[in-house]
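Examination of the molecular architecture
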Number of protein chains: 2
Amino acid sequence: MGTYMDVHHGFEGITGEQLRAAHQADLDNEKKEGVHFERAWADPESGTVYCLSTGPSKEAVQRVHEVAGHKADEIHEVRIEV
Amino acid sequence: MGTYMDVHHGFEGITGEQLRAAHQADLDNEKKEGVHFERAWADPESGTVYCLSTGPSKEAVQRVHEVAGHKADEIHEVRIEV
């Protein structure tokens, strides 16, 4: 299992409700991939969204995002954390 | 008070010990700026480091990172989180 930080661009103006709905769509689709989306943060000004997840691989994380309708632009395995 | 996600590039090969030392340098310098660095994550392969903090402004977050010797490449105020 790894920990992943992924980044989405193009979400200028995203609202709290939209972020919660997008995160819920991830939660609804994560189980079969063995992924869990823990937290998400959005900067509506720059349109950037960060998601923190755990799972078996980058590809599994991306598959959940794709099924949920919002493919990530970057996914980094963050092997180290404090 | 805002919440911030900042990004550093160029940390290819960073170790757990180096990340902990860098985070400690932030903690040692954050008080006078009213900033608190909560967590940090690193991807040694791509050399990317993400830091999550709270504070009065982006500029205050950057000043702490500068004094600690590692200016951030990007700082986003993440006004929304789940």
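Residue positions are given per chain, counting from 1 as you read along its sequence in written order. Just so you know, chain letters begin at A and ligand numbers begin at 1, following the order they were written in. A pLDDT threshold of at least 70 governs which residues receive local features in this predicted model, and a stricter bar of 80 or more applies before side-chain atom pairs are shown or counted, although totals over entire chains, interfaces and linings include all residues. Hydrogens and water are ignored here; the side-chain numbers use all heavy atoms of the structure.

Right, let's get into the pattern of salt bridges. When a carboxyl oxygen of Asp or Glu is within 4 Å of a side-chain nitrogen of Lys or Arg, the pair counts as a salt bridge. Inspection of the entire model under this criterion finds 10 salt bridges over all chains. Glu-45 of chain A serves as the salt-bridge partner of Arg-79 of chain B, at 3.1 Å between the closest nitrogen and oxygen. With Arg-79 of chain B in the loop between β4 (74-77) and β5 (80-81) and Glu-45 of chain A in the loop between β2 (36-43) and β3 (48-55), this residue pair bridges two chains. Buried residues are those whose accessible area, probed at 1.4 Å on protein chains only, stays under 20% of the maximum for their type, while exposed residues exceed 50% and partly exposed ones sit between those limits. The class of Arg-79 of chain B is exposed, set by a relative accessible area of 52%. If you follow the salt bridges from partner to partner, you end up with Glu-45 of chain A together with Glu-77 and Arg-79 of chain B in one network. Runs of E in the DSSP output that reach at least two residues are strands. Runs of H or I that reach at least four are helices, and both are numbered from the N terminus.

A least-squares superposition brings the copies together, and it is based on the C-alpha atoms of residues with pLDDT no lower than 70 in both. For the pair chain B and chain A, the relating rotation is 180 degrees, the translation along its axis is 0.0 Å, and the fit reaches an RMSD of 0.0 Å. A rotation of that kind, with that shift, is consistent with a two-fold axis. Ranked by how close their C-alpha atoms come to the rotation axis, the residues of chain B are headed by Tyr-50 of chain B, at 5.0 Å.

All right, on to the interface of chain B and chain A then. Between two residues, a contact is recorded if the distance between any of their heavy atoms is within 4.5 Å. On the chain A side, the residues contacting the 28 residues of chain B number 28 residues. Note on terms: buried area is the combined drop in 1.4 Å-probe accessible area of two parts once they are placed together, counting the loss on both. When chain B packs against chain A, close to 2400 Å² is buried across both sides, 61% of that on carbon and sulfur atoms. The salt bridge involving Glu-81 of chain B is made with Arg-39 of chain A; its shortest N-O contact spans 2.9 Å. Within 3.5 Å is the distance limit for a polar contact, defined as a pair of N or O atoms, with the added protein rule that one can donate a hydrogen and the other accept it, and that residues adjacent in sequence qualify only through two side-chain atoms. Taken together, chain B and chain A are joined by 16 residue pairs in polar contact (both at pLDDT 80 or more). The set of elements that each furnish at least two residues to the side of chain B that touches chain A consists of β1 (2-8), α1 (16-29), β2 (36-43), β3 (48-55), β4 and β5 of chain B.

Each pair of aromatic rings taken from Phe, Tyr and Trp, with Trp reduced to its six-membered ring, is defined by centres within 6.5 Å and is described as stacked if the planes are under 30 degrees apart, edge-to-face if over 60, and tilted in the remaining cases. Applying the stated criterion across every chain, the model contains two aromatic pairs over all chains. Ring geometry for Tyr-50 of chain A and Tyr-50 of chain B: centres 6.1 Å apart, planes at 70 degrees, overall edge-to-face. With Tyr-50 of chain A in strand β3 and Tyr-50 of chain B in strand β3, this pair bridges two chains. When its relative accessible area of 1% is taken as the criterion, Tyr-50 of chain A is described as buried.

Moving on, we come to the pairing of β3 of chain B. All names here are of chain B. The buried fraction of β3 is high, at eight of eight residues. Taking every second residue as pointing to the same face, both faces of β3 are buried, with Thr-48, Tyr-50, Leu-52 and Thr-54 on one and Val-49, Cys-51, Ser-53 and Gly-55 on the other. Where β1 and β3 come together, seven bridges link them in antiparallel fashion. Within β3, the position partnered with His-8 by the bridge is Val-49. Two strands are counted as paired when DSSP detects at least two bridges linking them. Summarising the sheet, β2 and β3 pair through seven bridges and their orientation is antiparallel. Pairing of Arg-39 across the sheet is with Leu-52, part of β3.

All names here are of chain A. Examined against the element boundaries, Asn-29 turns out to sit in helix α1 (residues 16-29). Within the structure, Asn-29 has its side chain in polar contact with the backbone oxygen of Ala-25 (distance 2.7 Å). The contact partners of Asn-29, leaving out residues within four places of it in the chain, are Val-64, Val-67 and Ala-68.

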